[in-house]
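# Notes for the structure review
The lines below spell out each chain.
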Amino acid sequence: MDSQFKEMNGGSVMDLDPKASVGGGVQDVYGEDSATEDLIITPWSVTVASGLALLRDPHYNKGLAFTQIERDTHYLRGLLPPVILTQELQEKKLMNTIREYQAPLQKYMALMDLEERNERLFYKLLVDNVEELLPIVYTPTVGEACQKYGTIFRRPQGLYISLKEKGKVLEVLRNWSEKNIQVIVVTDGERILGLGDLGCQGMGIPVGKLSLYTALGGVRPSACLPITIDVGTNNEKLLNDEFYIGLRQKRTTGQEYYDLLHEFMTAVKQNYGEKVLVQFEDFANHNAFELLARYRTTHLVFNDDIQGTAAVVLAGLVASLKLTGGTLADHTFLFLGAGEAGTGIAELIALEMSKQSNKSREETREKIWLVDSKGLIVKSRIESLQHFKKPWAHEHEPCNSLLDAVKAIKPTVLIGTSGVGKTFTKEIIETFCSYNEKPVILALSNPTSQSECTAEEAYTWSQGRAIFASGSPFDPVTVHGKTFTPGQSNNAYIFPGFGLGVVMSGTIRVHDDMMLAAAEALANQVTQEHIEKGLLYPPYRSIRKISAQIAANVAAKAYELGLATLLPRPANLVAFAESCMYSPGYRSFR
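Worth saying up front: this structure is predicted, and the values here are computed from it rather than measured.

Turning next to the state of the cysteines. Overall, the coordinates contain zero disulfides when judged by the stated rule. Of the cysteine sulfurs around Cys224, a residue in no disulfide, the closest is that of Cys580, at 14 Å. The class of Cys224 is buried, set by a relative accessible area of 7%.

What follows is the structure, encoded as structure tokens:
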């Protein structure tokens, strides 16, 4: 029996130097415990999915749902309490816990913690409780999370590519453990929602968007990659914040900025191939239009602020026709805000009207008017306008304010994309409503604090006549004894299904007609029952079915345009979309 206590060299474990061992006689194989702080050690990792390594792997961890057989097979016995809980019971327990938190940011942090330890349970919660949790993982709470991201940061959820990585971007992409990436959401943090420049802390947006690609669109979480391009920030508050996690320098612009973005786009295609979808998110106007123009013909890209917002708004406008009657061409549109969202929406409306009426896009643009910070965009201002505003400069006398523009244009649809709260005043709404029996008001700016008006204001000041939707959620409103449920014109209706349609068909480029197809599919999901309740969009509880319809319509258009590479084309695209969707239910382990 003595041999059981002997090392190969014949010495007893009792003879080992205590400095070279950890309590219990376990040898310090890697020298980590005996190393002084100034010595360099190697960070070893155990990759076998068993024991504590399995419990600490969010992709496979099931918590107390591991069966007795799984616990024996994977060396989990004793590492977990004896009880076995179903995923449904785990979900119930966690939802009860989340509902006890008062602050939305606490709920956000609890959900992010869950995602880091049990991925499938996180998505199960989102899928089954989408209406309750969407405002937590997405707007408006994600805006507060971005503002405080440096304080609440725990572990990386995506890739950070800063100016320090210039010349090494491909190497950085290869550091990401997942190799089969299908969707990337990238931001440079310069225009986060309506909150402005949040620099590196804008990472909360790509993380939130991609969680919805999975929960609402069914794209596998392992195929999603959030990325933040850090070129500095002009936000003095962040630069002086000791907990800020980004580069402490003013934002880099010009050629150096575009060189880094070009290296990034080149590396993405080199590392992930032709068919990885890149979604540009929350770039400032001057870069957003330029990047889309540069890469839309060479890469599979779209800008959600320009094109995604446009598609979801167009769907709401098409649905509103069931209340107002007529066609889009019968309406006159007035926008407050002429940035990415405003001009993007306007362009897609003009394109849809052009297809319906067989008129040129130049002609249909004449029904659409935009107001920026300097007033109504008119021909007399053409020389001073940014290039993306010039198509909207019409012949008209200057109007210095939105109220003046409402009085002069007498629009039938009023759309806010300004990013400035409380700009649809009582006088403006009352004046607008005086010209319309069924006025359409869309207050689209996010988060809630930046909305042009609240649902209550829109319904009250219009005497209950408004057809209203907003970018962030509002509670139902009762006016004159009638309860109105405001619709939420949220991009989350469009981009998850759009992304699924692109990925499942192997599409290689995004065409504007694919955005029209997405908007058309969403509008078709609005029933007469929804319209009677004042809803311009269907309830989120059926969002996965909606996303499947959108994916099928987008894929069909891609095949029609010759942009889809998955051949032969599936006979039933809706069924194919549903079959491609990720399911968050637990898997059984051998």
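Structure shown, so let's carry the discussion forward.
As a further point, take the sheet that holds strand 11 (residues 413–416). Pairing within the open sheet is mixed, and its seven strands lie in the order 10-9-8-11-12-13-16. A strand with exactly one partner marks an edge of an open sheet, and here the two such strands are strand 10 (375–376) and strand 16 (487–488). Here strand 11 runs beside strand 12 (residues 440–443); their pairing, made up of four bridges, is parallel. Among the inter-strand pairings, Val413 is bridged to a residue of strand 12, identified as Val440. This element, helix 15 (residues 340–357), spans strand 8 (333–336) and strand 9 (368–372) of the sheet and lies at about 175° to strand 9.

What follows concerns the UniProt feature "domain: Malic enzyme NAD-binding" (unreviewed entry) in the chain. Mapped onto the present numbering, the UniProt feature "domain: Malic enzyme NAD-binding" (unreviewed entry) falls on residues 306–559. From the first C-alpha to the last, residues 306–559 spans 24 Å; its make-up is 43% helix and 12% strand.

The next thing to look at is the sheet that holds strand 7 (residues 301–303). Read from one edge of the open sheet, five strands run 3-5-4-6-7, paired in parallel fashion. Looking at which strands have only one partner, the edges of the open sheet turn out to be strand 3 (159–162) and strand 7. Adjacent strand axes in the sheet meet at a mean angle of 25°, parallel and antiparallel pairs treated alike. The pairing of strand 4 (residues 183–187) with strand 6 (residues 277–280) spans four bridges and is parallel. Following the sheet pairing, Val186 is matched in strand 6 by Phe280.

The subject of this paragraph is the side chain of Asp197. Here Asp197 lies in the loop between strand 4 and helix 10 (204–215). At a separation of 2.9 Å, a polar atom in the side chain of Asp197 contacts the main-chain amide nitrogen of Asn234.

What follows is about the pairing of strand 9. Judged by how many residues are buried, strand 9 sits mostly within the fold: five of five residues are covered. Residues Ile368, Leu370 and Asp372 of strand 9 are buried on one face, and the alternating residues Trp369 and Val371, pointing to the opposite face, are buried as well. In this sheet, strand 9 lies alongside strand 8 in parallel orientation, the contact comprising four bridges. Opposite Leu334, over in strand 9, you have Trp369 as the bridge partner. Both strand 9 and strand 10 contribute to a ladder of two bridges, which runs antiparallel. Paired with Val371 across the strands is Leu376, a residue of strand 10. Once strand 9 ends, the chain turns through two residues before running back antiparallel as strand 10.

Reading the values: rules and limits
- Residues numbered from 1 in each chain as written.
- Predicted model: local features only at pLDDT ≥ 70, side-chain atom pairs only at ≥ 80, totals over all residues.
- Heavy atoms only, no water.
- Disulfide = S-S within 2.5 Å.
- Buried < 20%, exposed > 50% of the residue type's maximum accessible area, 1.4 Å probe, protein only.
- Pairing = 2+ DSSP bridges.
- Helix = DSSP H or I, 4+ residues; strand = E, 2+ residues; numbered from the N terminus.
- Contact = heavy atoms within 4.5 Å.
- Axes fitted to C-alpha atoms, helices over the stretch in contact; angles between N-to-C directions.
- UniProt positions renumbered as here; feature names shortened; annotations may be inferred.
- Polar contact = N/O pair within 3.5 Å; in protein donor to acceptor, adjacent residues only side chain to side chain.

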